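Listed below, chain by chain, are the residues.
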Amino acid sequence: MSDDNHTLPYPDAGAEHPTLVIPGSTTDQGADATPRKRPRWPWVLLVVVVVLALLVVAAELIARAVLPGVVRSIVVEQLDLPADQQLDVETQGLLLPQLIGGTLDTLRLSTDSVTLEGITGAADVTATGVPLRGGDLGGASGTIRIGQEQFTALLADTDLPVDSVEFAAPNATVSGSISVLGGAVPLSVTLTPGAVDGDLELTPVAASIGGLDIDLDRVASTLGSLGEGLTQPQRVCIADQLPAGLTLTGLEIVDDAAVIDIDVNGAIVTDKALQEKGACPR
């Protein structure tokens, strides 16, 4: 062979040789990269939101616990009710926005027994637009349930012989006596009660004289003008037996009670005159 092509010797294994580093390789990244810290503000914000939510819930619970007692005290004072008067107070919706706005959307007051102007019964009234800083109500309506004895008192000024009243839904039977030829004759009239223009309306549907059932037409012919008055529908004003701020809108016999529907003048909370007894035309 010719010596013109020289063979290069193998590199010395003990010699140092530079290592070629490819840009972007994992070795390069590991050498130059530094640990990155995650931002903490999302966690801080989450904690703040949770704390605020808990505060709102706590404030709502406190408002619901405190408000009924405050409302009850005001109602008892305004209506001059006994200090131990049983009165349930209920609200609807979230209270905090309503308290901040100064007006309660809905307020319900109910009691199993209350006496107003001599009339005792169970009451359930719902008011809307209740101002917390004084002023008139937006509106209110409700029901009053009274028993037979209280209903008898409502009929005291009628032409009916009313010694007692017995309910048999949807009617009420009034019993008493009338004078015929100088003697007292037992008379009972069964009526269907209702309401017209704020007055109590009584529509006779049956009658009995001396314990014997008798046709209404015969009552009129037998007792003359007295009989005609007893068998015709009667309208009875009871405004003088209720606070002036209450208006009778309906009445029906349900089970063992007379259920009176009322409309409440929103100014009753500020006008003393509306809290006093009303008046009937003479």
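We now turn to the structure provided with this report. The model shown is predicted, which means the values in this text are computed figures rather than measured ones.

## Notes on the overall build of the protein
Part 1: Secondary structure assignment for the protein yields 6 helices and 12 strands.
Part 2: Counting over 282 residues, the protein shows a buried share of 34%.
Part 3: Put simply, 48% of the contacts in the protein that link residues at least 6 apart link residues at least 24 apart.

## Structural notes on a nonpolar patch on the surface
Part 1: There is a patch of nonpolar side chains on the surface, built from Val44, Val47, Val48, Val51, Leu52 and Leu55 and spanning about 520 Å² of accessible area.
Part 2: By the element assignment, valine 51 lies in helix α2 (residues 41-78).
Part 3: On the basis of relative accessible area, valine 51 is assigned to the partly exposed category, the value being 41%.

## Here we look at the pairing of strand β11 (residues 246-254)
Part 1: Pairing between β11 and strand β12 (residues 257-264): 8 bridges, direction antiparallel. Note on β12: the bridge partner recorded for isoleucine 253 is alanine 258.
Part 2: In this structure, the hairpin formed by β11 and β12 is closed by a connection of 2 residues, where aspartate 255 is found at a positive phi of approximately 55°.

## Description of the sheet that holds β12
Part 1: Spatially, β1-β2-β3-β4-β12-β11 is the arrangement adopted by the 6 strands of the open sheet, whose pairing is antiparallel. Edge positions in the open sheet fall to β1 (88-91) and β11, since each of these has one partner strand only. On average, adjacent strands in this sheet sit at an angle of 15° to one another, irrespective of strand direction.
Part 2: In terms of strand pairing, strand β3 (residues 119-131) meets strand β4 (residues 139-146) through 7 bridges, oriented antiparallel. In the sheet register, threonine 126 faces β4, and the bridge partner there is serine 141.

## A closer look at the state of the cysteines
Part 1: This structure, assessed with the given rule, holds 1 disulfide.
Part 2: Two residues share a disulfide in this structure: cysteine 237 and cysteine 280, whose sulfurs sit 2.1 Å from each other. Around the S-S axis, the bridge from cysteine 237 to cysteine 280 shows a dihedral of about -90° and counts as left-handed. Of this pair, cysteine 237 sits in the loop between β10 (234-236) and β11 while cysteine 280 sits in the segment after α6 (272-275), placing them 43 residues apart in sequence.

## Some points on the pattern of salt bridges
Part 1: Counted under the stated rule, the structure contains 4 salt bridges.
Part 2: With its nearest N and O atoms 2.5 Å apart, the salt bridge here joins arginine 108 to aspartate 124. Linking arginine 108 in strand β2 (residues 103-116) with aspartate 124 in strand β3, this pair joins segments that are 16 residues apart in sequence.
Part 3: Residue arginine 108 is classed as partly exposed on the basis of its relative accessible area, which comes to 32%.
Part 4: A salt bridge links aspartate 197 to arginine 235; its shortest N-O distance comes to 3.7 Å. Residue aspartate 197 is located in the loop between β7 (183-196) and β8 (199-209), and its partner arginine 235 is located in strand β10; the two are separated by 38 residues in the primary sequence.
Part 5: Overlapping salt bridges bring together Glu90, Arg108 and Asp124 as one network.

## Some thoughts on the packing of aromatic side chains
Part 1: Evaluated as defined, the whole model comprises 1 aromatic pair.
Part 2: Between phenylalanine 151 and phenylalanine 167 the ring centres are 5.5 Å apart and the planes differ by 70°, which places this aromatic pair in the edge-to-face class. Taken together, the residues phenylalanine 151 in helix α4 (residues 148-154) and phenylalanine 167 in strand β5 (residues 164-168) connect sequence positions 16 residues apart. The residues phenylalanine 151 and phenylalanine 167 share a single accessibility class, namely buried.

## Section: the side chain of serine 208
Part 1: Topologically, serine 208 is positioned in strand β8.
Part 2: With a relative accessible area of 13%, serine 208 lands in the buried category.
Part 3: Not counting residues up to four positions away in its chain, the partners in contact with serine 208 are Pro186, Leu187, Ser188, Asp213 and Ile214.

## Some details on the environment of glycine 250
Part 1: Secondary-structure assignment places glycine 250 in strand β11.
Part 2: By relative accessible area, glycine 250 is classed as buried at 10%.
Part 3: Taking the C-alpha atoms as reference points, glycine 250 and aspartate 261, separated by 11 residues in sequence, lie 4.7 Å from one another.
Part 4: Not counting the four nearest positions on each side in its chain, glycine 250 is found in contact with Ala195, Val259, Ile260 and Asp261.

## Examining the environment of aspartate 197
Part 1: Residue aspartate 197 is classed as exposed on the basis of its relative accessible area of 71%.
Part 2: Through-space distance from the C-alpha of aspartate 197 to that of arginine 235 is 9.7 Å; in sequence the pair is 38 residues apart.

## Describing the environment of leucine 61
Part 1: Here leucine 61 shows up in helix α2.
Part 2: Residue leucine 61 is classed as exposed on the basis of its relative accessible area, which comes to 55%.
Part 3: Considered as a pair, leucine 61 and leucine 94 are 33 residues apart in the sequence and their alpha carbons are 10.0 Å apart.

Procedures and definitions
- Residues numbered from 1 in each chain as written.
- Predicted model: local features only at pLDDT ≥ 70, side-chain atom pairs only at ≥ 80, totals over all residues.
- Heavy atoms only, no water.
- Helix = DSSP H or I, 4+ residues; strand = E, 2+ residues; numbered from the N terminus.
- Buried < 20%, exposed > 50% of the residue type's maximum accessible area, 1.4 Å probe, protein only.
- Contact = heavy atoms within 4.5 Å.
- Patch = residues over 30% accessible without salt bridge, like charges linked within 9 Å, V, L, I, M, F, W, Y side chains within 5 Å.
- Areas by Shrake-Rupley, 256 points an atom, 1.4 Å probe, with all protein chains shown as cover.
- Salt bridge = Lys/Arg side-chain N within 4 Å of Asp/Glu carboxyl O.
- Pairing = 2+ DSSP bridges.
- Axes fitted to C-alpha atoms, helices over the stretch in contact; angles between N-to-C directions.
- Disulfide = S-S within 2.5 Å.
- Phe/Tyr/Trp six-rings, centres within 6.5 Å; stacked < 30°, edge-to-face > 60°.

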